[in-house]
Amino acid sequence: MLDLIISTVTQGFIYALLSFGIYITYKILDFPDLTVDGSFPLGAAVTAVLLLKGVNPYLTLLAAAVVGAIAGFVTGFIHVRLKVRDLLAGIITMTALFSINLQIAGSNLSIERGIDTIFTSPVAMTLLGSATLLVRKLIISLIILIICKVLLDLYFKTKSGYLLKAVGDNSTLVTTLAKDMGRVKIIGLVISNALVALSGAVVCHEQRSFSSTMGTGQMVFGLATVIIGTTIFRNLSFVKGTTAVIVGSVLYKICIQIAINLGLPANLLKLITAVLFLIILVIGNFHKGTVRKNAGA
Amino acid sequence: MLELKNISKIYNPGTVTEMCLFEDFNLKVRDGEFISVVGSNGSGKTSMLNIICGSIPINGGEVLINGKNINRLKEHKRYEQMGRVYQNPALGTCPDMTILENMSIADNKGKPFGLGFALNKKRYEFYREQLSSLGLGLEDKMNIKLGSLSGGQRQAVALLMATMTPLEFLILDEHTAALDPHTADIIMELTDKVVREKKLTAIMVTHNLRYAVEYGDRLLMMDRGHIILDKSGEEKANATIDDILDIFNRISIECGN
């Protein structure tokens with residue numbers, strides 16, 4: 001039972017990276033970014049291939065983040081410079097990525113026991129060798145999560161971070177500040193998808209596998225966690241958005257785990273996800289009160 | 001000097017709703033002038049401002065600043081030397097950010113928005129000073145979100161933000177229209193003060209004939225894409241609301257209003 005709790009919380013931590021990405025696009029930029037369903041497995045595909053080639057496991061995380069950033073840039077470019085609607089720009093990249101991921105990986109991949117992952121590498125073993133694999137996964141995921149959270153929180157305090165918030169809040173103002181709001185949007189999408197791909201990479205390390213369909217529904221998952229998190233801490237303004245999102249992600253994974261333990265067939269998982277998401281959205285709407293409007297933007 | 005030369009603007013070209021607003025429209029704005037623009041709805045006042053700022057494309061003609069053609073200059077680039085305050089107080093500020101955060105981004109206009117920390121403690125006193133000059137008590141509310149302020153307060157902050165950094169031109173697009181008469185007076189006083197102090201070249205579109213007569217040193221009246229009245233200097237100083245209203249009524253009757 002304890003093992004199950006640990007592994008569920010670990011899942012929550014790993015997927016919280018993805019939620020950070022969605023937090024940036026959905027909550028800050030007000031951009032429904034479907035690229036996520038493609039950039040998440042992209043991170044995993046790149047990681048799997050590099051691991052099988054014998055690349056240092058920690059470097060694979062970096063590589064995944066970089067390719068994720070490129071995917072985000074492509075969506076941003078399509079939307080901002082080619083003037084395609086936000087939702088469609090994401091769908092285009094996502095669809096293209098499905099093929100690209102298969103090109104990169106060749107097929108579904110599994111990483112055999114002999115290859116070290118971030119959880120079993122010599123560095124991890126010297127530092128946390130006494131712990132079981134399950135606990136090591138928990139701790140290492142938490143470390144990665146905290147690093148990303150601190151970096152993001154710092155970023156949100158920079159001028160660039162303020163501009164990002166301003167674009168989602170009132171893009172007209174950004175234009176009158178003599179800044180190209182399109183560029184700011186692209187920066188947001190780049191950071192977001194880098195985080196999403198990083199999440200995919202860590203999942204690949206954790207499961208020792210890549211599957212071409214692992215991205216399906218990740219966008220909805222991320223949205224749900226962001227909405228759960230920010231709704232819970234709605235009235236506590238001192239709780240940072242990133243913290244709220246981590247709580248949302250862990251809670252969500254726990255809910256799903258409970259549902260499975262209660263005997264929910266795995267085939268129904270996506271259906272339950274969709275229903276859960278709908279419920280969360282409706283509750284979120286009730287609490288929203290006023291609809292945010294960027295008139296004239 | 002800002003100049004609009006032979007501007008033509010056609011809305012929905014090639015469709016049944018095609019509407020030619022400007023045909024060979026010309027305007028010269030001298031440096032340091034404070035122009036108030038009046039006119040009925042649809043006369044082209046806001047379109048003129050949008051053409052100056054590059055918010056809408058034109059079908060012909062030239063927009064010149066100091067003799068240099070800026071037709072191809074993107075909207076956000078033009079704002080490097082322009083500030084703009086909109087009719088809707090929500091457009092000039094970020095509602096989800098605090099007053100302090102809003103002031104900070106406005107203060108950074110013209111500089112790169114890089115990875116340095118956005119809040120600069122050294123400027124804190126300056127922001128307080130600026131806010132207290134509004135006389136609205138906002139200097140003690142620096143950490144509350146802009147969205148929780150009233151329209152008048154927001155507009156006051158928006159005006160501060162638009163004029164915080166060095167500028168040449170200030171574009172005021174019916175910026176008092178959404179405010180109650182008392183608040184509108186305060187904002188108008190403030191606008192006049194800022195324009196004088198910073199020696200800005202300002203173009204103010206307004207529906208308030210009293211403001212148009214009392215403030216500024218040149219008065220334009222527009223009707224269906226033409227400037228039908230252009231008073232400056234002595235002539236403007238001696239103009240009364242009744243004179244202007246008289247002409248205004250005459251064109252309105254012609255329009256069938």
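Residues numbered from 1 in each chain as written. Chains lettered and ligands numbered in written order. Predicted model: local features only at pLDDT ≥ 70, side-chain atom pairs only at ≥ 80, totals over all residues. Heavy atoms only, no water.

**Quick look at the overall build of chain B**
Okay, so step 1: Of regular secondary structure, chain B possesses nine helices and ten strands.
Okay, so step 2: What you see for chain B is a C-alpha radius of gyration of 19 Å, in line with the 18 Å of a compact globule of 257 residues.
Okay, so step 3: Scored against the burial criterion, the 257 residues of chain B give a buried share of 52%.
Okay, so step 4: For chain B, contacts bridging at least 24 residues in sequence account for 69% of all contacts bridging at least 6.
Okay, so step 5: If you sum the accessible surface of chain B, you get close to 11900 Å²; carbon and sulfur atoms cover 49% of it.
Okay, so step 6: Distance between charge centroids for chain B: 7 Å, based on 30 positive and 34 negative side chains. (Helix = DSSP H or I, 4+ residues; strand = E, 2+ residues; numbered from the N terminus. Rg over C-alpha atoms; globule rule 2.2 N^0.38 Å. Buried < 20%, exposed > 50% of the residue type's maximum accessible area, 1.4 Å probe, protein only. Contact = heavy atoms within 4.5 Å. Areas by Shrake-Rupley, 256 points an atom, 1.4 Å probe, with all protein chains shown as cover. Lys, Arg positive; Asp, Glu negative; His and termini not counted. Charge placed at Lys NZ, Arg CZ, Asp CG, Glu CD.)

**Quick look at the overall build of chain A**
Okay, so step 1: Scanning chain A for helices and strands turns up twelve helices and two strands.
Okay, so step 2: If you list the helices and strands of chain A from N to C, you get α-α-α-α-β-α-α-α-α-α-β-α-α-α.
Okay, so step 3: Relative to the 2.2 N^0.38 estimate, which gives 19 Å for 297 residues, the radius of gyration of chain A is 19 Å and therefore close to what a compact globule would have.
Okay, so step 4: Counting only C-alpha atoms, chain A reaches 55 × 40 × 35 Å along its principal axes.
Okay, so step 5: Looking at chain A alone, contacts between residues at least 24 apart form 80% of all its contacts between residues at least 6 apart.
Okay, so step 6: Here chain A displays about 13200 Å² of accessible surface, and carbon together with sulfur accounts for 69% of that area.
Okay, so step 7: With 23 positive and 11 negative side-chain charges, chain A shows a separation of 6 Å between the mean positions of the two kinds.

**Side note on the sheet that holds strand 2 (residues 19-29) of chain B**
Residues and elements named next belong to chain B.
Okay, so step 1: Taken together, four strands build an open sheet; the order of strands is 2-1-4-5 and the sheet is antiparallel. The strands lining the two open edges of the sheet, one partner per strand, are strand 2 and strand 5 (68-69).
Okay, so step 2: Where strand 4 (residues 60-65) lies against strand 5, two bridges are found, and the strand directions are antiparallel. Its bridge partner being in strand 5, Ile65 is matched across the sheet by Lys68.
Okay, so step 3: Helix 1 (residues 45-53) contacts strand 1 (2-11), strand 2 and strand 4 of the sheet and is inclined by roughly 115° relative to strand 1. (Pairing = 2+ DSSP bridges. Axes fitted to C-alpha atoms, helices over the stretch in contact; angles between N-to-C directions.)

**Brief notes about a nonpolar patch on the surface**
Okay, so step 1: Together, A:Val66, A:Ile70, A:Phe73, A:Val74, A:Phe77 and A:Leu82 make up a nonpolar patch on the protein surface, roughly 530 Å² of accessible area in all.
Okay, so step 2: Position of A:Phe77 relative to the elements: it lies in helix 3 (residues 57-80). (Patch = residues over 30% accessible without salt bridge, like charges linked within 9 Å, V, L, I, M, F, W, Y side chains within 5 Å. Salt bridge = Lys/Arg side-chain N within 4 Å of Asp/Glu carboxyl O.)

**Overview of the side chain of B:Asn108**
Okay, so step 1: Looking at the element boundaries, B:Asn108 is found in the loop between helix 3 (99-107) and helix 4 (124-132).
Okay, so step 2: Taking the relative accessible area as the measure of exposure, B:Asn108 reaches 5% and is therefore buried.
Okay, so step 3: A polar side-chain atom of B:Asn108 sits 3.2 Å from the main-chain carbonyl oxygen of B:Pro112.
Okay, so step 4: Excluding its chain neighbours within four sequence positions, the residues that come into contact with B:Asn108 are A:Lys159 and B:Phe113. (Polar contact = N/O pair within 3.5 Å; in protein donor to acceptor, adjacent residues only side chain to side chain.)

**Some words on the confidence of the model for chain A**
Okay, so step 1: Per-residue pLDDT for chain A averages 91, and the proportion of residues at 70 or more is 96%.
Okay, so step 2: Low confidence marks residues 289-297 of chain A, where pLDDT is under 50. Its contacts with residues over four positions away, or in another chain, come to 15 contacts. (pLDDT = per-residue confidence, 0-100.)

**What about the sheet that holds strand 7 (residues 169-173) of chain B?**
Residues and elements named next belong to chain B.
Okay, so step 1: Ordered by their spatial adjacency, six strands build an open sheet running 6-7-8-3-9-10, and the pairing between neighbours is mixed. Both outer strands of the open sheet, strand 6 (82-85) and strand 10 (226-232), are each paired with one neighbouring strand and no more. The average undirected angle you get between the axes of adjacent strands in this sheet is 15°.
Okay, so step 2: Two strands pair when backbone bridges link them, and strand 9 (residues 218-223) and strand 10 are joined in this way by six bridges, in the antiparallel orientation. Note that in strand 10 the partner of Met222 across the bridge is Ile227.
Okay, so step 3: In the packing of helix 1 onto the sheet, contacts are made with strand 3 (34-39), strand 6, strand 7, strand 8 (201-205) and strand 9, and the angle to strand 7 comes to roughly 145°.
Okay, so step 4: Each of strand 6 and strand 7 is contacted by helix 5 (residues 151-162), which is oriented at about 175° to strand 6, the strand it contacts most.

**Section: unusual backbone geometry**
All names here are of chain A.
Okay, so step 1: Phi at Asp30 is positive, roughly 60°, even though this residue is not glycine.
Okay, so step 2: Residue position: Asp30 is located in the loop between helix 1 (2-28) and helix 2 (36-52).
Okay, so step 3: The exposure class of Asp30 is partly exposed, given its relative accessible area of 44%.

**So, the environment of A:Ser121**
Residues and elements named next belong to chain A.
Okay, so step 1: Within the fold, Ser121 resides in the loop between strand 1 (109-110) and helix 5 (122-128).
Okay, so step 2: Between the C-alpha atom of Ser121 and that of Asn56, which follows or precedes it by 65 residues, the distance is 8.7 Å.
Okay, so step 3: Leave out the neighbours within four places in its chain, and Ser121 touches Pro57, Tyr58 and Asp116.
Okay, so step 4: Of note is the side chain of Ser121, whose polar atom sits 3.0 Å from the side chain of Tyr58.

**Quick notes on the nonpolar core**
Okay, so step 1: Core analysis: the largest hydrophobic core is formed by 112 residues, its most contacted members being A:Phe20, A:Ile144, B:Met103 and B:Leu131.
Okay, so step 2: Ranked by the residues each element gives to this core, the list is headed by helix 1 of chain A, at twelve residues.
Okay, so step 3: In contact with B:Leu131, not counting residues within four places along its chain, are B:Ile99, B:Met103, B:Leu138, B:Glu139, B:Met142, B:Val157 and B:Leu160.
Okay, so step 4: By size, the runner-up hydrophobic cluster in this structure holds 30 residues, among which are B:Val29, B:Ile52, B:Ile56 and B:Leu91. (Core = buried A, V, L, I, M, F, W, Y, C linked by side-chain atoms within 4.5 Å.)

**Quick look at the interface of chain B and chain A**
Okay, so step 1: Listed by partner, the interface residues are 33 residues for chain B and 22 residues for chain A.
Okay, so step 2: Both sides of the chain B and chain A interface together cover about 2400 Å² of buried area, and 68% of this is carbon and sulfur.
Okay, so step 3: Counting the surface chain B buries against chain A, the share from its top three residues, B:His76, B:Leu91 and B:Phe113, is 26%.
Okay, so step 4: In this structure, the connection of chain B to chain A is made through zero salt bridges.
Okay, so step 5: Linking chain B to chain A there are nine residue pairs in polar contact (both at pLDDT 80 or more).
Okay, so step 6: When contributions to the side of chain B that touches chain A are tallied by element, the ones reaching two or more residues are helix 2 (75-78), strand 6 and helix 3 of chain B.
Okay, so step 7: Looking at the side of chain B that touches chain A element by element, the count peaks at four residues for helix 3 of chain B. (Buried area = accessible area lost by both parts, 1.4 Å probe.)

**Some words on the packing of aromatic side chains**
Between two aromatic rings, the relevant description is the distance of the centres plus the angle of the planes.
Okay, so step 1: Scanning the model with the defined rule gives nine aromatic pairs over all chains in all.
Okay, so step 2: Taking the centre distance of 6.1 Å and the plane angle of 55° together, the rings of B:Phe126 and B:Tyr127 count as tilted.
Okay, so step 3: The aromatic ring of A:Tyr162 is capped on one face by A:Lys165, whose charged end is 4.7 Å from the ring centroid.
Okay, so step 4: The side chain of B:Lys9 reaches across the aromatic face of B:Tyr11, ending 4.8 Å from its centre. (Phe/Tyr/Trp six-rings, centres within 6.5 Å; stacked < 30°, edge-to-face > 60°. Lys NZ or Arg CZ within 6 Å of the ring centre and 35° of its normal.)

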